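# Summary of the model geometry
What follows is the residue order along each chain.
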Amino acid sequence: MKLFEDKFESFFSDTELQKFKEECLRKSLMAFNIKNGNVPKWTDALNKLNSTKKGELGLNDPYISIKNIDSSSENIETNLKQLLPWRKGPFILNNLKLESEWIGDLKWQRIKNKIKPLKNKRVLDVGAGNGYFTIRMALEGASKALGVEPFLLFNYQFAAIDTLTKSNSNSMLIPLRLEELPNMPIFESVFSMGVLYHQRDHLEHLSKLKKMMAPNSELILETLIVDGQKNYALIPEGRYANMRNVHCLPSTETLKSWLSDVGFRSIKLIDVSVTTPQEQRKTPWIGDNPASLEDFLDPSNPSLTIEGYPAPKRAILTCSN
Ligand SMILES: C[S@@+](CC[C@H](N)C(=O)[O-])C[C@H]1O[C@@H](n2cnc3c(N)ncnc32)[C@H](O)[C@@H]1O
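Residues numbered from 1 in each chain as written. Predicted model: local features only at pLDDT ≥ 70, side-chain atom pairs only at ≥ 80, totals over all residues. Heavy atoms only, no water.

Ranked by internal contacts, the top residues of the largest apolar core, which has 85 residues, are Leu 80, Leu 93, Ile 174, Leu 181 and Phe 191. Residue contributions to this core peak at 8 residues, all from helix α8 (residues 152–163). Excluding anything up to four places from it in sequence, Leu 80 contacts Leu 49, Trp 86, Leu 93, Leu 98, Ala 160 and Trp 285. Of all hydrophobic cores here, the second largest spans 10 residues; its members include Val 226, Leu 249, Phe 296 and Tyr 309. (Core = buried A, V, L, I, M, F, W, Y, C linked by side-chain atoms within 4.5 Å. Buried < 20%, exposed > 50% of the residue type's maximum accessible area, 1.4 Å probe, protein only. Helix = DSSP H or I, 4+ residues; strand = E, 2+ residues; numbered from the N terminus. Contact = heavy atoms within 4.5 Å.)

Here the second largest pocket is characterised by a volume of approximately 200 Å³. Surrounding the second largest pocket, 15 residues form its lining, Leu 3, Phe 4, Lys 7, Ala 159 and Asp 162 being those nearest its centre. Breaking the lining of the second largest pocket down by element, the ones donating at least two residues are α1 (2–11), α8 and β7 (171–174). Looking at the lining of the second largest pocket element by element, the count peaks at 5 residues for α8. (1 Å grid on protein atoms, 1.4 Å probe; cavity = no way out; pocket = protein on both sides within 12 Å on 5 of 7 lines; lining within 4 Å. Points joined across faces, edges and corners; volume = space filled by probe spheres on them.)

Take the site of the ligand next. Near the ligand there are 15 residues, and of these Lys 107, Gly 127, Glu 149, Glu 179 and Met 193 occur at the shortest range. In the environment of the ligand, an oxygen atom lies 2.6 Å from a nitrogen or oxygen atom belonging to the side chain of Glu 149. With the chains in place, 88% of the 600 Å² that the ligand exposes on its own is no longer accessible. Class assignment of the residues belonging to the shell around the ligand gives a composition of 7 nonpolar, 3 polar and 5 charged. (Near = heavy atom within 4 Å. Polar contact = N/O pair within 3.5 Å; in protein donor to acceptor, adjacent residues only side chain to side chain. Areas by Shrake-Rupley, 256 points an atom, 1.4 Å probe, with all protein chains shown as cover. Nonpolar A, V, L, I, M, F, W, Y, C, P; charged D, E, K, R; others polar.)

Summarising burial for strand β6 (residues 144–148): 5 of the 5 residues are buried, a large majority. Judged by which residues are buried, β6 turns out to be covered on both faces: Lys 144, Leu 146 and Val 148 on one side and Ala 145 and Gly 147 on the other are all buried. The sheet contact formed by strand β5 (residues 122–126) and β6 spans 5 bridges and is parallel. Note on β6: the bridge partner recorded for Leu 124 is Leu 146. In this region the chain leaves β5, passes through helix α7 (residues 132–139) and returns to the parallel neighbour β6; the handedness of that crossover is right-handed. In this structure, β6 lies alongside β7, joined through 4 bridges in parallel fashion. In the sheet register, Leu 146 faces β7, and the bridge partner there is Met 172. What joins β6 to β7 is α8, and the crossover it makes is right-handed. (Pairing = 2+ DSSP bridges. Right-handed = clockwise from strand over helix to strand, strands pointing away.)

So, about the packing of helix α6 (residues 104–111) against α7. Two packed helices can be described by the angle between their axes and the distance between those axes. Following both chains from N to C, one finds α6 and α7 inclined at 45°, their axes separated by 11 Å at the closest point. Considering their axes alone, α6 and α7 lie oblique with respect to each other. You can see that α6 and α7 cross each other, and the crossing is right-handed. Residues Gly 104, Asp 105, Lys 107, Trp 108 and Gln 109 of α6 touch α7, and the partners they reach there are Tyr 132, Phe 133, Arg 136 and Met 137. Partitioned by chemical class, the residues of the contact of α6 with α7 number 4 nonpolar, 2 polar and 3 charged. (Axes fitted to C-alpha atoms, helices over the stretch in contact; angles between N-to-C directions. Parallel < 35°, antiparallel > 145°, perpendicular 65-115°, else oblique. Left-handed = near helix turned anticlockwise from the far one by under 90°.)

As structure tokens, this is what we get:
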């Protein structure tokens, strides 16, 4: 991944990031070298996108936009469709609308005015998916927005978007899990969105997030929750809304107590929203047999999942270390 290495060099040139550069690069290259039969197809798509003249990155709500790419929409679409499914977005590339499964902007609007400004901050986005939010953080003025995401396809999606733009120097995605990062207490805002419920050990995840935070920093945590008293949490048996590896859905009071147990302070609940099929929807960008939230809710009672659990509801909390 020459593209990745070049970008990595310039992104990690920041004095604080530089201290962790070797370890992060070594582990990232190992992750990219894992055998995956799709890599030739993904690499080919990237190479074809890379040959085009790059465009300008910006925002055209709810889309991240890239304007003036010197390539036809057909060429861009054909190659980006080699990287299905596009879960996170949406993006607009020249006039081509990449309608991802999620309208990420809806989540971002719930967050952006309720957190400390990101301007000139070093930001960490844990479980970043394809980096849609990482780029939004950079567009808010973060000096560095580093996303970590172990799922390889999403790293190729980020690289594809990155390769179409000439102005995306302050966001970067690396193919690592949070636990694989060295403790780097250098980030002034740390995001963990949609990740906690996938962790077997939620307290360990929260403690590791804390170890990444510079003094007086802010954590922004978004996760699935259920209604209930303090100490209540739902542990789904098998799938939850068709998702595998959903380990634990706390009540908001339980979540606050977990944060407090790990040593976070000034814990604030800033939003609770039920996830709707308007926000998480079927689109041609998720593949030939698209299935999305509407298929995972009980058709006779959409307040329940197909497994009979309360339908997805998400909370956003902020706190300091
Ligand atoms: C539901 S997605 C959320 C993506 C994005 N943050 C958002 O809010 O839409 C969760 C992502 O976290 C990643 N993930 C899960 N466990 C992780 C870990 N321990 N470290 C980093 N990423 C993780 C998954 O691969 C997945 O892409």
